[in-house]
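# Observations on chain architecture
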Amino acid sequence: MPDHDFPTPTPTPISTAFLPDVTAAGRDHGLLTVAPKVLRDELAAAAEWAARHLSEAQDRPVTRPMPAAHRTRLAGPSLPETGMPLGELLNFVQEAIAPYPTGNGHPAFFAWINSPPSAPGLIAELLATAVNATCGMGEHALMDLERGTVRDLAALAGLPAASGGVLTSGGSMANLLALACARTVYLTRRGSGEGEAYDRDHSRLTLYYSDQAHMSVAKAATTIGLPVHRLRPITTDAALQMDPAALRVAIETDTAAGLLPFCVVSTLGTTATGAIDPLETVADICRDHGMWHHGDGAWGGLGATVPALAPRYEGVARLDSLTVDPHKTLSVPVGCGALLLPDPAHLYTAFAHQASYLTADDRTPWPWLSHATVELTRPGTRALTLWATLQHLGRTGVTGLLVQYLDLVEQLRAKIAEHPLLELRAGGPLPVACFRVRTGAADPDAFHTRVAQHVQDAGRAYLATVTHHGETILRACVCNHQTGPEHLDLLLDEVTRAAHHLEGVTAPTLPGADGCRTA
């Protein structure tokens, strides 16, 4: 059983407002109509709850196991015969959803690259939902705002001034669009964009990426029709960066075998250790072979704004496309990724389709955004939440936020290096620290898996494991703007506590126990 001592959540009714009589509402105004005062009261109650929920995050457990019966209830059908009063919605979230978080809103959450929502993003999400624009077809101010905000994002990433792109649901969708775009542009340039030539050449396309690349890259490749046997994970060096020599050999070998190397994906911040592939060298290889060069910068795509990191981003301006996830390092609410291109017209080459029922006004200066992606219906929340967060931070604030995370992880690495029970194994240049516990366990990999699980179950902090050079190690990432030095100490205390528990020895008899909480 988890050893946390957090209280079980107690339902606290916040609102007692009800919908008007359904029959009367249906006759007079429509079944979904709500009286203005009722709506205002419910929005005010929801806003009060949201503010309290975010401000009190560190007073709650990072995560809490969900009872099996509750999981079954949520996953089962629940549609009532008659409608639920509007006032019950907030109560449902408070009682059935909020007590069981993944943990990414908590400042002691160090597992995955998930951030809490920024305040301007949270407000913008509500406002954009009220506006309820469909940012794919027709014309709307939020579509123009998206175009401008994407250009701001591209500038922050270090791309050329004429760059543009499109907002997506996240990095996985951005990588999918990038590879589909790369495929179409490559074949079009060869003169095999359609017909039998397309079939012939498409069956030879081959993709290259680091063996540390995010799993969404291979998933995107298979989704656009590349079989696994034409995907090439390239070996990495001791720093887990793609090996350019191995890449060049793989491309030349495949070319000699009659295949068509069409794209290389460089990673700007691997999930496991934060490694950045050698962009400039890979760009040279791509140009030598007429290949598309995509950068998966879902995590580290904005690192060029940080002076200390900028040298590692030499060559970023030569990318043909770049994935960035504002809902990671910028705390834009979940559901906002971006695909950026120095030449955004390539998106229209890949995705523009016409239909008689979707005819653009001749006065529209740009193609509809649906022609730059696979989505026709697109939420305006992405544009407004990103714009609001960037405007709130400003250029110096974006850099300052990234520097804040880097400073914190440097402190974490130093604490690990000085701790007699812990051993730093990897980390950087992005804000991640990978480490192990010095243990005499017969199976160290299984031991570290259990340590992470014990920390997670305790509910006071949260970290994950990752495979590094064949070993299972602990991984802690900093990506929460509310995280402070005290949360770093808490994390290491919890790891030490878990190791003591699993070794079956009381804390004071083990190295590194001094100063660690054991209560």
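Our structure is the block above this text.
To keep things clear, this report deals only with the structure shown in the data block. (Residues numbered from 1 in each chain as written. Predicted model: local features only at pLDDT ≥ 70, side-chain atom pairs only at ≥ 80, totals over all residues. Heavy atoms only, no water.)

Mapping L207 onto the fold places it in strand 2 (residues 205-210). Residue class for L207 comes out buried when judged on its relative accessible area of 0%. (Helix = DSSP H or I, 4+ residues; strand = E, 2+ residues; numbered from the N terminus. Buried < 20%, exposed > 50% of the residue type's maximum accessible area, 1.4 Å probe, protein only.)

All chains considered together, the criterion is met by 22 salt bridges. Here D201 ties to R200 by a salt bridge, and the two come within 3.2 Å at their closest N and O atoms. The salt bridge involving R318 is made with E280; its shortest N-O contact spans 2.3 Å. Of this pair, R318 sits in the loop between strand 5 (292-297) and strand 6 (321-324) while E280 sits in helix 11 (residues 279-288), and the two are 38 residues apart along the sequence. (Salt bridge = Lys/Arg side-chain N within 4 Å of Asp/Glu carboxyl O.)

Closest axis-to-axis distance for the helix 10 (residues 244-256)/helix 11 pair is 10 Å, and the angle between their directions is 15°. Of the possible angle classes, the one that applies to helix 10 and helix 11 is roughly parallel. Helix 10 and helix 11 meet at a crossing whose hand is right-handed. Contacts between helix 10 and helix 11 involve P244, L247, R248 and I251 from the former and T281, V282, I285 and D288 from the latter. Grouping the constituent residues of the contact of helix 10 with helix 11 by class yields five nonpolar, one polar and two charged. (Axes fitted to C-alpha atoms, helices over the stretch in contact; angles between N-to-C directions. Parallel < 35°, antiparallel > 145°, perpendicular 65-115°, else oblique. Left-handed = near helix turned anticlockwise from the far one by under 90°. Contact = heavy atoms within 4.5 Å. Nonpolar A, V, L, I, M, F, W, Y, C, P; charged D, E, K, R; others polar.)

Now for unusual backbone geometry. The peptide bond linking G428 to P429 adopts the cis configuration, its omega dihedral lying at 10°. As for its placement among the helices and strands, P429 is situated in the loop between strand 8 (422-426) and strand 9 (432-437). One non-glycine residue, N132, lies in positive phi territory at about 60°. Among the structural elements, N132 can be located in the loop between helix 5 (119-131) and helix 6 (141-157). For N132, a relative accessible area of 59% gives the class exposed.

It is worth spelling out helix 7 (residues 171-189) at this point. For helix 7, spanning 19 residues, the distance from its first C-alpha to its last is 27 Å, which sits close to the expected 27 Å at 1.5 Å a residue. For helix 7, the buried fraction is high: 14 of the 19 residues fall into the buried class. At the C-terminal side of helix 7, G191 shows a positive phi close to 80°. (Expected span 1.5 Å × (residues − 1).)

With mixed pairing, seven strands are arranged side by side in an open sheet as 1-7-6-5-4-2-3. In this open sheet, the two edge strands, each paired with only one partner strand, are strand 1 (164-168) and strand 3 (231-234). The mean inter-strand angle of the sheet, taken between neighbouring strand axes irrespective of direction, is 20°. The sheet contact formed by strand 6 and strand 7 (residues 337-341) spans three bridges and is antiparallel. Bridge assignment links L322 to a residue of strand 7, and that residue is L340. Each of strand 1, strand 6 and strand 7 touches helix 6; the most contacted strand, strand 1, lies at about 105° to it. Its contacts with the sheet put helix 7 on strand 1, strand 2, strand 4 (260-267), strand 5, strand 6 and strand 7, and the angle it makes with strand 4 is roughly 150°. (Pairing = 2+ DSSP bridges.)

This part is about the sheet that holds strand 11 (residues 471-477). Within the open sheet, the four strands sit side by side as 8-9-11-10. Their pairing is antiparallel. In this open sheet, the two strands that pair with only one neighbour each are strand 8 and strand 10 (464-468). Each strand of the sheet is rotated relative to its neighbour by a mean of 45°, with strand direction disregarded. Of the pairings in the sheet, the one linking strand 8 to strand 9 comprises four bridges and is antiparallel in character. Bridge pairing in strand 9 places A426 opposite C434.

What follows deals with the side chain of R382. Relative to the elements of secondary structure, R382 occurs in helix 14 (residues 381-418). At 3.5 Å, the side chain of R382 and the backbone oxygen of L167 are in polar contact. When neighbours within four sequence positions are excluded, R382 is seen to be in contact with L167, T168, S169, G335, C336 and E375. (Polar contact = N/O pair within 3.5 Å; in protein donor to acceptor, adjacent residues only side chain to side chain.)

Our next topic: the pairing of strand 4. Most of strand 4 is tucked away, with eight of its eight residues classed as buried. Bridging between strand 2 and strand 4 involves five bridges; their strand directions are parallel. Within the sheet, the bridge partner assigned to T206 lies in strand 4 and is P261. In this sheet, strand 5 lies alongside strand 4 in parallel orientation, the contact comprising five bridges. If you follow V265 over to strand 5, its bridge partner there is H294. What joins strand 4 to strand 5 is helix 11, and the crossover it makes is right-handed. (Right-handed = clockwise from strand over helix to strand, strands pointing away.)

Of all seven residues making up strand 11, six are buried, and the element is well covered by its neighbours. In the sheet, strand 9 pairs with strand 11 via four bridges, with the strands oriented antiparallel. Following the sheet pairing, C434 is matched in strand 11 by R475. Bridging between strand 10 and strand 11 involves five bridges; their strand directions are antiparallel. Bridging from a neighbouring strand, H468 pairs with E471 of strand 11. In sequence, strand 10 turns back onto strand 11 through a hairpin of two residues, with H469 there showing a positive phi of about 50°.

At a minimum axis distance of 10 Å, the contact between helix 14 and helix 16 (residues 485-503) shows a crossing angle of 35°. The element helix 14 and its partner helix 16 pack so that their crossing is right-handed. Across the interface between the two elements, L408, Q411, L412, K415 and I416 of helix 14 pack against P485, L488, D489 and L492 of helix 16. When its residues are assigned to classes, the contact of helix 14 with helix 16 shows six nonpolar, one polar and two charged.

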